[in-house]
Amino acid sequence: MSEVRILSGAPFFCTGRSAGRALVNALGFLLLVSALAIDARADAGDRAPMPAREAQAAPREESWSAFQAAVQRDSLESMVRFLSIDTATGGSRTRFALREAPLGLVADSLEARLARYTGAAVERFPFSFDKDFASIDSSYTGENLVARVAGNGIVSGAFLVTAHYDAIASRTSGWEANWRTWPAPGADDNSTGVAALMEAARVLSGHDLPFDVMFVLFSSEELGLIGSRAFVEKLPDIDPARIIGVLNCDMIGYPFAGYPAGTVISNPASDWLSGLIAQAAGESDPSFPIVVLSPGPSNWDHAPFWEALIPAVTFTEPLRENMLIGSPYYHTLADTVGTLDFEQVERMTNIVVDFVERIAAAGAEAALFPSDVVLLKRGYPNTSRVFAVGDTMTVRAAARNRGSADAPAGSSMRLTISIENGSFMRTLYSEVLPIPAALDADAVEAKMVLDRSFLGADKIGVSISVRGMSDDPDNNAVEMWMAVEGEEDVVLMHTVQPNPVTEGLRSAFFCMNLARGVDMSLSLYNLEGELIGTAYAGSRWGQPLVAGLNRLGMSALFPRIDRLASGVYFYRLVVYDEGIARTSYPGRFAIQE
């Protein structure tokens, strides 16, 4: 299997037989930082321009030779060299957006090549902007380039393959004072993304695709996503009908980890798209490590599409763990060809091309994606999934046709939405619906007022059952947990899991279903009533507890207890209010070794 990791919200699981079912901490998901610092490393450009060192790459994996697409590494490298090197002088080129004349010459060449690759007319969409840069306030003009390759009309809509073609070297000391004469080569940022787009245009234009593909080159990205914002604002004039998804390519050439790898930046509304991309990449190039970041940073060219509620992802090189750019050369004069790994560029480009080819060939299939189930409060997504007694909760669920073909006549699906807690299960919605059109989705909503019977943790279940066509049942159900807060009956359930504990106390968990966040203590006793130890949790002790299901590791609660002998033990859970013990709950568990 490929090394595909999806970094996003993930619940913690508490297993055992208490209450007849497993427990899940609905609020135990990881929140990733959504900002990408521009000054990741400031030491790379403090000197005058010097050649960059060659990137150090790990030995190549021979297994990749089994996957060879029509993408050509020589073409990719040639394009990167053209964009970053001035052919007249042999030195570095500038593509800084405020130097309109030299960037215009690059745009002219890109227009000619894109027209030749696609056989389509390339439209240039100029936009004006005011910019105060290096203490100079002036007006400038940029241009976006757009080539539209028409599909055969089976699918209504278009995929966009995008990249920005401008560059900057502002992290080099002295560059802002000398930007009129110093270069901005941008070999990685973003000659590599442009090269990937051009190769995708060359390869995909020879295919009979069921949907349109628009190849879009943005200018002025480095000045604040100006080009992509201008493009999104002009969408009514560009008339793309429906944008199925945006595949943005930006900085795919630096092997931060020392070997070829990649990243796909996504957000919840685009996770169905990034999920399909990760699946396709795992099948086409299983030895290539790729990470999906969701929610990812929002200061790339996908951001204006996110703001317009259009699914969009960015393909980029490996990032550091805190989502900072890993290359020490970006935005410097040292961002040159010698720092790049063109195997990584080739494999990332192959993934983009292969995904479009695979989705184009996919037959009709109804599917549910976790990102297409959203809980709303007052009409807005409730990302915390915490509600209060009396709130009206809306469950919005979208079923998709993930294929590029319409479903057979007479086929249908039943979509069901339910809610469940420890004492009951209710069906909120259940109707037979037509299968959505190719690469489209249809959404339904179910509303309910949350009363006291929903206190604590509740499970939302959404499922589809398909008739009249073949279907993969593995993507027909989604479950998620939410919580309802209230002031009374704070502890709705408490237990040690598993029970009996068979692999030592340190392997067990203390689980609670709470109606609101509390402070608590947990004391353990043996059969003779002797105190073994007491642990504390809650905001007062730096470990907040929340409404819903909570799982606390016994190893963290009682780090000094290595093991307990087999037998029955008692515990006493005490809930505090403003530092005063208010309520206690007894319980027992067994250890069997």
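Just so we're clear, the structure is a prediction, and the values are computed from it rather than from any experiment. (Residues numbered from 1 in each chain as written. Predicted model: local features only at pLDDT ≥ 70, side-chain atom pairs only at ≥ 80, totals over all residues. Heavy atoms only, no water.)

Some words on the packing of aromatic side chains
Filter applied, for reference: Stacked, edge-to-face and tilted are the three classes for Phe, Tyr and Trp ring pairs, Trp counted by its six-membered ring, which pair at centre distances within 6.5 Å; planes under 30 degrees apart are stacked, over 60 edge-to-face, the rest tilted. Every helix listed is a DSSP run of H or I at least four residues long, and every strand listed is a run of E at least two residues long, numbered separately from the N terminus. Burial classes follow relative accessibility: with a 1.4 Å probe on protein chains only, a residue under 20% of its type's maximum area counts as buried, one over 50% as exposed, and anything between as partly exposed. To sit over a ring, a charge needs its Lys NZ or Arg CZ within 6 Å of the ring centre and within 35 degrees of the ring normal.
Considering all chains together, one arrives at 15 aromatic pairs under this definition. Look at tyrosine 569 and phenylalanine 589: their rings are 5.9 Å apart centre to centre, the planes differ by 25 degrees, and that puts the pair in the stacked class. One end of the pair, tyrosine 569, is in strand β26 (residues 567-577); the other, phenylalanine 589, is in strand β27 (residues 580-591), and 20 residues separate them in sequence. The residues tyrosine 569 and phenylalanine 589 share a single accessibility class, namely buried. What links up through ring pairs into an aromatic cluster is the set Phe96, Trp175 and Trp179. Here the guanidinium or amino end of arginine 93 rests over the ring plane of phenylalanine 82, the centre of that ring lying 4.8 Å away. The ring of phenylalanine 82 has arginine 113 sitting right over it, with the charged end atom 4.3 Å from the ring centre.

So, unusual backbone geometry
Cis geometry is found at the peptide bond from aspartate 189 to asparagine 190, where omega equals 10 degrees. Relative to the assigned elements, asparagine 190 resides in helix α3 (residues 187-204). In this model, asparagine 499 is joined to proline 500 through a cis peptide bond whose omega is 10 degrees. Here proline 500 shows up in the loop between β21 (491-497) and β22 (509-514). A positive phi angle, close to 60 degrees, is found at leucine 225, a residue other than glycine. Residue position: leucine 225 is located in the loop between β7 (212-218) and α4 (226-233). The phi angle at arginine 378 is positive, at roughly 55 degrees, despite the residue not being glycine.

Topic: the nonpolar core
Threshold: To define a nonpolar core, start from buried Ala, Val, Leu, Ile, Met, Phe, Trp, Tyr and Cys residues and group those joined through side-chain atoms within 4.5 Å. A contact between two residues is defined here by any heavy atoms of the two lying within 4.5 Å.
If you look at the biggest cluster of nonpolar residues, it comprises 85 residues, and the most contacted ones within it are Leu110, Phe211, Phe215, Leu247 and Phe355. For leucine 247, the residues in contact, after removing those within four places along its chain, are Leu160, Val161, Thr162, Leu273, Ile277, Val313, Phe315, Val352, Phe355 and Val356.

So, the confidence of the model for the protein
Quick note on the threshold: As a per-residue measure, pLDDT reflects the predictor's confidence and takes values from 0 up to 100.
Mean pLDDT over the protein stands at 87; residues scoring 70 or higher make up 88%. In the model of the protein, strand β3 (residues 23-25) stands out as the element of lowest mean pLDDT, 31, in contrast to strand β11 (residues 312-316), which has the highest, 98. Taken as a whole, residues 8-13 scores under 50 in pLDDT and shows 18 contacts with residues more than four places along the chain or in a different chain. Segment residues 15-68: pLDDT under 50, and 126 contacts once partners within four positions in sequence are set aside and those in other chains are kept.

Focus on the environment of glutamate 593
Topologically, glutamate 593 is positioned in the segment after β27. Note: C-alpha distance between glutamate 593 and arginine 563 (30 residues apart in sequence) is 10.0 Å. Apart from the residues within four sequence positions on either side, glutamate 593 is in contact with Thr502, Gly504, Arg563, Leu564 and Ser566.

Regarding the pattern of salt bridges
Counted only if it meets this: Salt bridges are counted wherever a side-chain nitrogen of Lys or Arg sits within 4 Å of a carboxyl oxygen of Asp or Glu.
Applying the stated rule across the entire model yields 18 salt bridges. Between arginine 242 and aspartate 440 there is a salt bridge, with its nearest N and O atoms 3.9 Å apart. Here arginine 242, found in the loop between α5 (235-238) and β8 (243-249), pairs with aspartate 440, found in the loop between β17 (425-433) and β18 (441-449); they are 198 residues apart in sequence, far enough to count as distant. The salt bridge partner of glutamate 420 is lysine 459, with a shortest N-O separation of 3.6 Å. In this pair, glutamate 420 is assigned in strand β16 (residues 412-420) and lysine 459 in strand β19 (residues 456-467), connecting sequence segments 39 residues apart. Via salt bridges that share partners, Asp108, Glu111, Arg124 and Glu143 belong to a single interconnected network.

Points about α4
Across the eight residues of α4, six count as buried, placing the element largely inside the fold. Those residues of α4 that sit buried are Ile226, Gly227, Ser228, Ala230, Phe231 and Val232. Where the residues of α4 are buried, they touch β4 (122-133), β5 (136-149), β6 (158-164), β7, α5 and α7 (303-307).

Comments concerning the packing of helix α1 (residues 73-84) against helix α8 (residues 342-361)
What counts here: Axis lines are fitted to C-alpha atoms, over the contacting stretch for helices. Their N-to-C directions set the angle, which ranges from 0 to 180 degrees. When describing relative orientation, an angle under 35 degrees is termed roughly parallel and one over 145 degrees roughly antiparallel, while 65 to 115 degrees is termed roughly perpendicular and anything else oblique. Here a crossing is called left-handed whenever its near helix is offset anticlockwise from the far helix by less than a right angle, and right-handed whenever the offset is clockwise.
Contact pair α1 / α8: the axes reach a minimum separation of 10 Å and the direction vectors enclose 110 degrees. As judged from the angle between their axes, α1 and α8 are roughly perpendicular. With respect to the hand of their crossing, α1 and α8 are arranged in right-handed fashion. Touching Arg73, Leu76, Glu77 and Val80 of α1 are Phe342, Glu343, Val345, Glu346 and Thr349, all from α8.

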